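Structural overview
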Amino acid sequence: MQLGTAPLLEKLPIFHSRNVEETGAFLRAKGYRFDIAGRQARLLDTRLNGLYMPGFYMGYVQYGGASVVLSPSPARTATWIHLPLRGQLEATIGRDNVVCNPNLATIISPMRESCRLVSEADSSRIQLSLTKSSLTGQLAALLGEPPTAPLDFAPTIDLATGYGRSLARYVLTAVADLEQAGSVLWSPTTISTFEQFIVTALLVSHPHNYSAALRRLEKPIAPRDVRRAIDYIEAHLDQVVTVADLATATGVAGRTLFKHFSDFKGVSPMRYLRNARLRQVRQALLRADPEANVTEIAMSTGFTHMGRFSVTYRAHFGESPSETLRDGRPVQQPRKQP
């Protein structure tokens, strides 16, 4: 990921400063302890640029000619990925020590006991932050049930080969696109698709404590009746769907359909329907205004019993519908050019 020296995403500034006290105050407000040797204070050039998405943040960071130490708060809930562009980043994550460079990234899971980052002078990197709800929600969808323990990713990503190289290429392509006028990533639909792609690729390709469970669920291509049932379900999420409806739509007996769903999806057709509705309502909550009505959103996606819906939603995503609505962040709009 070796690039030039010019800062990236300058059209999306978040924080710029050469002042140590200002930088420290800003980072403390974000949950980071910031340390710098006094003699290097004059070399500091903090530049944080980036784009906030509903469950995802992508940004650029540099500290100029100064070497700085960052210690994130143990209370953090997001998962962070640091992809160096230039120079070196040393990460101490629990008992693991990772020396990152443009060929090796690090991923920091929130369940780790402690973390310390040393950013080398004249280094820069791309940071990705994935919220707990976006990761656990997608993991629950892939597993067919809510996870029972926090996600814990392997701490390093090889950017020179395989999945890591693909991840770096897609991220840099997105960054380059955001630097252009009329970027497709300003579209909320495109942003949502990109976010889902990054989250799903990470869960499917990078080692973590649920990787073995996901591999066990891998199946050959599903039979035609399962695909037809899924198409019918996705087209009727806001309506009452019965087993009889699915049997009619697929042309097979309900018992056969249940067996095929169990074999190829790991859940029953009705559980698949419920999970699909939960995914849809969660996306609607993330996109909605914080003052929106949870009940109206839930009912528009086929839920009618609000008490049962809230309990099921919390069990599936690890948070209440109102918490998802409150934490959803609007997509940042591009600044008008002079």
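Residues numbered from 1 in each chain as written. Predicted model: local features only at pLDDT ≥ 70, side-chain atom pairs only at ≥ 80, totals over all residues. Heavy atoms only, no water.

1. Observations regarding the overall build of the protein chain
Convention followed: Helix and strand labels come from DSSP, where a helix needs a run of H or I of at least four residues and a strand needs a run of E of at least two; each type is numbered from the N terminus. The buried label applies to any residue whose accessible area, calculated with a 1.4 Å probe on protein chains only, is under 20% of its type's maximum; exposed applies above 50%, and partly exposed to all values in between. Whether two residues are in contact is decided by their heavy atoms: any pair within 4.5 Å suffices. Just so you know, the count uses Lys and Arg for positive and Asp and Glu for negative, and it drops His and the chain ends. For charged residues, the charge sits on one atom: NZ in Lys, CZ in Arg, CG in Asp, CD in Glu.
Helices and strands together make up the secondary structure of the protein chain, namely twelve helices and twelve strands. Out of the 338 residues belonging to the protein chain, those deemed buried represent 48%. Considering only residue pairs separated by 6 or more positions, the protein chain has 72% of its internal contacts joining residues 24 or more positions apart. Of the side-chain charges in the protein chain, 38 are positive and 29 negative, and the distance between the mean point of each set is 3 Å.

2. Topic: helix H7 (residues 243–250)
Stated formally: The directions considered for the arc run from the helix axis to the C-beta atoms.
Turning to H7, its buried residues are Leu246, Ala247 and Thr250. Buried residues of H7, seen end-on, are gathered within an arc of 100° and therefore sit on one face of the element. Exposed side of H7, more than 90 degrees from the buried face: Ala244 and Thr248 are the residues found there. Looking one or two residues beyond H7, the residue adopting positive phi is Gly251, at roughly 80°.

3. Concerning the pattern of salt bridges
Our working definition: By convention in these notes, a salt bridge is any Lys or Arg side-chain nitrogen within 4 Å of a carboxyl oxygen on Asp or Glu.
Within this structure, the stated rule accounts for five salt bridges. The shortest N-O distance in the salt bridge between Glu10 and Arg47 comes to 2.6 Å. Taken together, the residues Glu10 in the segment before strand E1 (13–17) and Arg47 in strand E3 (residues 44–53) connect sequence positions 37 residues apart. We classify Glu10 as partly exposed; its relative accessible area is 32%. Across the pair Lys259 and Asp263 runs a salt bridge whose closest N-O atoms are separated by 2.8 Å.

4. Describing the sheet that holds strand E2 (residues 32–36)
Worth spelling out the cut-off: In this scheme, strands are said to pair when DSSP sees at least two bridges between them. Fitted lines through C-alpha atoms give the axes, limited to the stretch in contact for helices. The angle between two N-to-C directions lies from 0 to 180 degrees.
Strands sit in the order E2-E5-E10-E7-E8 across an open sheet of five strands; the sheet is antiparallel. Only two strands of the sheet have a single partner each, and these edge strands are E2 and strand E8 (96–100). Strand-to-strand twist in this sheet, taken as the mean axis angle between neighbours without regard to direction, amounts to 15°.

5. Considering the side chain of Thr46
Just so we agree on the cut-off: Each polar contact in these results corresponds to two N or O atoms within 3.5 Å; when the atoms are within protein, one needs to be able to donate a hydrogen and the other to accept it, and residues that are neighboring in sequence are counted only if both atoms are side-chain atoms.
With respect to the element layout, Thr46 can be found in strand E3. By relative accessible area, Thr46 is classed as buried at 1%. Reaching out from Thr46, the side chain makes a polar contact with the side chain of Thr23 at a distance of 3.1 Å. Beyond its immediate sequence surroundings of up to four residues, Thr46 is in contact with Phe15, His16, Ser17, Thr23, Gln62 and Tyr63.

6. Concerning the sheet that holds strand E11 (residues 124–130)
Spatially, E1-E3-E4-E11-E6-E9-E12 is the arrangement adopted by the seven strands of the open sheet, whose pairing is antiparallel. Looking at which strands have only one partner, the edges of the open sheet turn out to be E1 and strand E12 (156–158). Adjacent strand axes in the sheet meet at a mean angle of 20° when their direction is disregarded. As paired strands, E3 and strand E4 (residues 56–64) are joined by eight bridges and run antiparallel to one another. Bridge pairing in E4 links Tyr52 to Tyr57. Against the sheet, helix H3 (residues 162–178) engages E3, E4, strand E6 (79–86), E11 and E12, with an angle of about 85° to E12.

7. A closer look at the pairing of E2
On E2, burial follows the alternation: Tyr32, Phe34 and Ile36 on one face are buried, whereas Arg33 and Asp35 on the facing-out side are not. As paired strands, E2 and strand E5 (residues 68–72) are joined by five bridges and run antiparallel to one another. If you follow Ile36 over to E5, its bridge partner there is Val68.

8. Here we look at the packing of aromatic side chains
Here a ring pair, both rings aromatic, is described through the centre-centre distance and the interplanar angle of the planes. Heads up, the condition is: Working definition: rings of Phe, Tyr and Trp (its six-membered ring) pair if their centres are within 6.5 Å, and the pair is stacked with planes under 30 degrees apart, edge-to-face with planes over 60 apart, and tilted otherwise. In this analysis the charged atom, NZ for Lys or CZ for Arg, is taken to sit over a ring once it is within 6 Å of the ring centre and within 35 degrees of the ring normal.
Taken as a whole and judged by the stated rule, the model has eleven aromatic pairs. Between the aromatic rings of Tyr32 and Trp80, the centroid separation amounts to 6.4 Å while the plane-to-plane angle is 85°, which identifies the pairing as edge-to-face. Of this pair, Tyr32 sits in strand E2 while Trp80 sits in strand E6, and the two are 48 residues apart along the sequence. A relative accessible area of 13% places Tyr32 in the buried class. Ring geometry for Phe261 against Tyr272: centres 5.9 Å apart, planes inclined by 65°, an arrangement best described as edge-to-face. Taken as a pair, Phe261 in helix H8 (residues 254–265) and Tyr272 in helix H9 (residues 269–287) lie far apart in primary sequence, eleven residues in all. Judged by relative accessible area, which is 0%, Phe261 ranks as buried. Sitting above the plane of the Tyr170 ring, Arg169 keeps its charged end 5.8 Å from the centroid. Between Arg282 and the ring centre of Phe317, over which it is positioned, the NZ or CZ distance is 5.5 Å.

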